[in-house]
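Structural features, examined
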Amino acid sequence: MKEHSMLKFTELDLREPILRAVAEGGYEEMTPIQSQAIPYILDGHDLVGVAQTGTGKTAAFSLPIIQKLLKAEGKRTAKATRALILAPTRELAVQIADNINAYGKYLHLRTTLVYGGVSEKPQIKTMASGVDILIATPGRLLDLMNQGHINLKLAEFLVLDEADRMLDMGFIRDIKKIVQQLPKQRQTVMFSATMPASVESLVNTFLKDPVRVEVAPAATTAEKVTQHVLMVPKSRKRDLLEFVLKNEDLKRVLIFTRTKHGANKVSQNLEKLGISSGAIHGNKSQNARQKALNEFKSGIIRTLVATDVAARGIDVDDVTHVINFELPNEPESYVHRIGRTARAGASGVSLSFCDPEERAYLRDIEKITRQQIPMMEDHPYHLEGLSAHLNGGDIEKPKTGRRSGAQSRAIRAGKPKPGNRNNQPQGPKKAHGAKPQGNNSQGAKPQGARPTAAKPDSSGGQNKRRSQGQRPRPSRD
Ligand code: AMP
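Everything quoted here is computed from the prediction, not taken from an experiment.

Per-residue pLDDT for the protein chain averages 79, and the proportion of residues at 70 or more is 75%. Per-residue pLDDT stays below 50 along residues 1–5; that stretch engages in 14 contacts with residues further than four places along the chain or on separate chains. This model gives residues 388–477 a pLDDT under 50, and the stretch forms 203 contacts once residues within four places in sequence are excluded.

Pasting the structure below:
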């Protein structure tokens, strides 16, 4: 039986050129999802992984598939691919391709991307001579398959990444049509941040006797982020945003809105104020989205305003702050949003702007994350009289003690610098101290370099676990 609790990449049965590329990427130790999943995928099992972006899941499926493609006999064939990776968004597909190209840089694998919003022609041309790995979003892939430009009959591997989001985005029928075209004899790997019944049903349809691995449920990921809620009337949110951005500690800031229109408006307003900004959402062309993302990654722009769908899977290191300009109506989205900061073990800060109409959303968020988000009152637009709800309700109280230095520092992030006071916009209420509401202590201590994992099991094949129902259970239970 195989011991699956190893920690270093060098302990894996991976070819030297892959290990060299991984080492050059700066990775030595595996993340929990990697050490749990890679050995099983190398062994040829179907696998379902419950893990979010930020856990290292891309390498968890890419590395063993690259290794297996090198070993397998298969040859490239016109219009065909040997491995198919399906992703919900173009951004995620691009990111997966970037990772695979980095891991495969000493190999001669041919990879390509197929997604909508750009011309089909170059995609058709690349596919004409066949590829080893095709990374695609479902809609465009199906289009090109229907036109006879892509043939999946020879695919040996299928990966469904962010399966829950693909279903949320309405891709179920496309995915079914795509998978029908794949050979029955194949290895299938699926990753999903959550396991609702709809995803479970995909697992039952597409995977054969899969191994299940699971890391850091949503609530645990949120713990690494120092979170605050700022009560503010809707009409003053723009002013509040300007106010908090006066603090230069907010270096690389991802701002979320609920709507595409809202994202544009917020971004344009920031530009007017002289704060560099870009926006990404579904109505922007692929080129415009990629440009904004690249500028944000390279630090040319300080703020990026995004909708939930567009931001899904975005992998930008060193996002110092996530600002929820509007709270999401699905509480899971909150966890995804704030997970864009505190990546790969770093700590991060989130600021959520909440107007009276959004209180119900806040309550839902606090329920699923099982924590009270401390309130930051120390800003000029604080709305009195809204705090009460935070101290009531059926939220399980966190167990640990007082606010830590890390939290206090984060709170100061919202304060004007000394001497700037007179320049601050005047709002309905004067700042009056950074007293937190409730007794939250979540995120008090920025955690170590790794996301927490479900304990790796060393029982070899015996750790085929059953899923734990609709939503991963917070580890605090
Ligand atoms: P992912 O969950 O695949 O989106 O990966 C999240 C981030 O973790 C990416 O920035 C990766 O480059 C990084 N990463 C992946 N594997 C490791 C590792 N073993 N050690 C450190 N960082 C990693």
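Once that is clear, we can look at the pattern of salt bridges. Counted by the stated rule, this structure contains 19 salt bridges. The partner of Asp-132 in a salt bridge is Arg-76, and the shortest N-O contact between them spans 2.7 Å. Taken together, the residues span a long stretch of sequence, with Asp-132 in strand E4 (residues 131–136) and Arg-76 in the loop between helix H3 (57–71) and strand E2 (81–86) at a distance of 56 residues. Among the residues examined, Arg-76 registers a relative accessible area of 41% and is labelled partly exposed. With its nearest N and O atoms 2.7 Å apart, the salt bridge here joins Asp-308 to Arg-337. Taken as a pair, Asp-308 in helix H14 (residues 308–311) and Arg-337 in helix H15 (residues 331–338) lie far apart in primary sequence, 29 residues in all. Of the residues examined, Arg-337 reaches a relative accessible area of 1% and is grouped as buried. By sharing partners, the salt bridges in this structure join Arg-76, Arg-82, Asp-132 and Glu-156 into a single network.

Before going further, it helps to spend a moment on the packing of H15 against helix H16 (residues 359–369). For the pair H15 and H16, interaxial distance at closest approach is 8 Å and the crossing angle is 70°. Between H15 and H16, the crossing angle belongs to the class labelled roughly perpendicular. Between H15 and H16, the contacting residues are Pro-331, Glu-332, Tyr-334 and Val-335 on the first element and Asp-364, Ile-365, Ile-368 and Thr-369 on the second. Looking at side-chain class alone, the contact of H15 with H16 contains five nonpolar, one polar and two charged residues.

With parallel pairing, six strands are arranged side by side in an open sheet as E8-E13-E12-E9-E11-E10. Whereas interior strands pair on both sides, the edge strands pair on one side only; in this sheet they are strand E8 (225–231) and strand E10 (277–280). Across the sheet, the axes of successive neighbouring strands diverge by a mean angle of 20°, strand direction being ignored. Pairing of E10 with strand E11 (residues 303–306) involves four bridges; the strand directions are parallel. Pairing of Ser-277 across the sheet is with Thr-303, part of E11. The sheet contacts of helix H13 (residues 286–297) involve strand E9 (253–256), E10 and E11, and relative to E11 the element is tilted by about 145°. Packing of H15 onto the sheet brings it into contact with E8, E9, strand E12 (321–324) and strand E13 (348–354), and relative to E12 it is tilted by some 150°.

Read from one edge to the other, the open sheet built from seven strands follows the order E3-E4-E2-E5-E6-E1-E7, with strand pairing classed as parallel. Two strands bound the open sheet, and with one partner strand each, they are strand E3 (111–114) and strand E7 (211–214). Across the sheet, the axes of successive neighbouring strands diverge by a mean angle of 15°, strand direction being ignored. One ladder, built from four bridges, connects E3 with E4; its direction is parallel. Looking at the pairing, Thr-111 lines up with Ile-133 of E4. In the packing of helix H5 (residues 121–128) onto the sheet, contacts are made with E2, E3 and E4, and the angle to E3 comes to roughly 145°.

With respect to spatial proximity, 17 residues lie near the ligand, and among them Tyr-27, Gln-34, Gly-54, Gly-56 and Thr-58 are the closest. Between the ligand and Gln-34 there is a distance of 2.8 Å, counted from a nitrogen atom to a side-chain nitrogen or oxygen. Between the ligand and Thr-58 there is a distance of 2.5 Å, counted from an oxygen atom to a side-chain nitrogen or oxygen. For the ligand, whose unbound accessible area comes to 500 Å², protein coverage reaches 91%. Broken down by class, the residue content of the shell around the ligand amounts to four nonpolar, seven polar and six charged. Built from parts of two domains, the shell around the ligand gets at least three residues from each of domain 1 (9–216) and domain 2 (219–465).

Another point: a positive patch on the surface. Taken together, the side chains of Lys-234, Arg-238, Lys-265 and Lys-272 define a basic patch exposed on the protein surface. In this structure, Arg-238 sits in helix H11 (residues 237–245). Looking at Arg-238, the relative accessible area reads 39%, which means it is partly exposed.

Reading guide: rules and limits
Residues numbered from 1 in each chain as written. Predicted model: local features only at pLDDT ≥ 70, side-chain atom pairs only at ≥ 80, totals over all residues. Heavy atoms only, no water. pLDDT = per-residue confidence, 0-100. Contact = heavy atoms within 4.5 Å. Salt bridge = Lys/Arg side-chain N within 4 Å of Asp/Glu carboxyl O. Helix = DSSP H or I, 4+ residues; strand = E, 2+ residues; numbered from the N terminus. Buried < 20%, exposed > 50% of the residue type's maximum accessible area, 1.4 Å probe, protein only. Axes fitted to C-alpha atoms, helices over the stretch in contact; angles between N-to-C directions. Parallel < 35°, antiparallel > 145°, perpendicular 65-115°, else oblique. Nonpolar A, V, L, I, M, F, W, Y, C, P; charged D, E, K, R; others polar. Pairing = 2+ DSSP bridges. Near = heavy atom within 4 Å. Polar contact = N/O pair within 3.5 Å; in protein donor to acceptor, adjacent residues only side chain to side chain. Areas by Shrake-Rupley, 256 points an atom, 1.4 Å probe, with all protein chains shown as cover. Domains from an automatic or database assignment. Patch = residues over 30% accessible without salt bridge, like charges linked within 9 Å, V, L, I, M, F, W, Y side chains within 5 Å. Lys, Arg positive; Asp, Glu negative; His and termini not counted. Charge placed at Lys NZ, Arg CZ, Asp CG, Glu CD.

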